[in-house]
Amino acid sequence: MNYTNFKILVVDDEPDVLELLETILKRENLSVFTASNGHDALRIAAEIKPELIILDVMMPVMDGIETCRELKKLAVLNKSIITFLTARGEDYSQIAGFDAGADDYILKPISPRVLTRRVKALLRRFIPVEDSFDKKVVGSIEIIRDRYLVVAHNHEVNLPKKEFELLWLLASKVNRVFTRQEIFTTVWGDTRSNARTIDVHVRKLREKLEINNIKTVKGIGYKFVI
């Protein structure tokens, strides 16, 4: 895949980190721009409209969480992907990042090889497939039907056919509630509902994909939310 036309904005208040990330990403022929604070990040992002913004959380004056919120307000960046890069691994900081609108979360220290893989996995969202109906991107999950491929949190996950078909169905219409009968008929091709079978498959999906997007609607069925 050709990534040379993608623009990446890296935001970090540590000069050494900025230089390192810029060097790593430029080796992959990516166009890299840098900013050392949130105010500059807003200005540069509005100018260059990057596909990906790598944003440090711990910065003075305007931290990464606040910067992310402000970036999400800019209409010209409605397609930009934002991922946090930080040494903080506490659950609350990750939750705050996602609540602010971030798409991903990368922890320091990170190896050059892992960084480039994560970046390319995120940028794949901008590379069209031949048939858009065969690909879905919902939250942090990318599903490619004709290859039976699922990428969750930038890692490929192998799913058995029924689990894949169940995920594809739920993700096909985000926030829509699918009844148990509808799920069983569509995925298993049978009109006889088996609640236990569906429950087990949903539990396995949640565990393997490490997501909480699949919600139980008590007494009815399931839905996929973002």
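On a predicted model such as this, the values are computed, not experimentally measured, just so you know.

### Digging into the sheet that holds strand 4 (residues 81–86)
- What the five strands build is an open sheet, ordered 2-1-3-4-5; its pairing is parallel. Across the chains shown, the open sheet's two edge strands, defined by having one partner strand only, are strand 2 (31–35) and strand 5 (104–107). The sheet shows a mean angle of 20° between the axes of neighbouring strands, taken without regard to direction.

### So, the sheet that holds strand 7 (residues 141–144)
- The sheet built from four strands is open, its strands ordered 6-7-8-9 with antiparallel pairing. The strands lining the two open edges of the sheet, one partner per strand, are strand 6 (135–138) and strand 9 (155–157). Along the sheet, successive strands turn relative to each other by an average axial angle of 20°, direction set aside.
- Across four bridges, the pairing between strand 6 and strand 7 is antiparallel. Looking at the pairing, Val137 lines up with Glu142 of strand 7.
- Strands in contact with helix 6 (residues 161–172) are strand 6, strand 7 and strand 8 (149–152); relative to strand 7, the strand with the most contacts, it is inclined by about 115°.

### Regarding the nonpolar core
- If you look at the biggest cluster of nonpolar residues, it comprises 26 residues, and the most contacted ones within it are Ile141, Ile143, Leu167, Ile183 and Leu209.
- For this core, the secondary structure elements donating two or more residues are strand 7, strand 8, helix 6, helix 7 (180–188), helix 8 (195–209) and strand 12 (221–224).
- In terms of residue count, helix 6 provides more of this core than any other element does, seven residues in total.
- Beyond its immediate stretch of four places on either side in the chain, Leu167 contacts Ile141, Ile143, Val150, Leu159, Leu205, Leu209 and Phe224.
- Ranked by size, the runner-up nonpolar core spans 22 residues in total, among them Val11, Leu42, Ile53 and Phe84.

### With respect to unusual backbone geometry
- One non-glycine residue, Asn154, lies in the positive phi region at around 70°.
- Mapped onto the fold, Asn154 is located in the loop between strand 8 and strand 9.
- In this structure Asn154 comes out as buried when scored by relative accessible area, which is 15%.
- In this model, Glu210 sits at a positive phi of 55°, which is unusual for a non-glycine residue.
- Along the chain, the position of Glu210 falls in the loop between helix 8 and strand 11 (214–217).
- Classification of Glu210 as exposed rests on a relative accessible area of 61%.

### Observations concerning the environment of Ala75
- Looking at the secondary structure, you find Ala75 in the loop between helix 3 (64–72) and strand 4.
- A residue is classified by how much of its surface remains accessible, and Ala75, at 61% relative accessible area, is exposed.

### Here we look at the pairing of strand 11
- Note: strand 11 against strand 12, four bridges, orientation antiparallel. The residue bridging Val217 from the neighbouring strand is Gly221, located in strand 12.

Cut-offs used in this document
- Residues numbered from 1 in each chain as written.
- Predicted model: local features only at pLDDT ≥ 70, side-chain atom pairs only at ≥ 80, totals over all residues.
- Heavy atoms only, no water.
- Pairing = 2+ DSSP bridges.
- Helix = DSSP H or I, 4+ residues; strand = E, 2+ residues; numbered from the N terminus.
- Axes fitted to C-alpha atoms, helices over the stretch in contact; angles between N-to-C directions.
- Contact = heavy atoms within 4.5 Å.
- Core = buried A, V, L, I, M, F, W, Y, C linked by side-chain atoms within 4.5 Å.
- Buried < 20%, exposed > 50% of the residue type's maximum accessible area, 1.4 Å probe, protein only.

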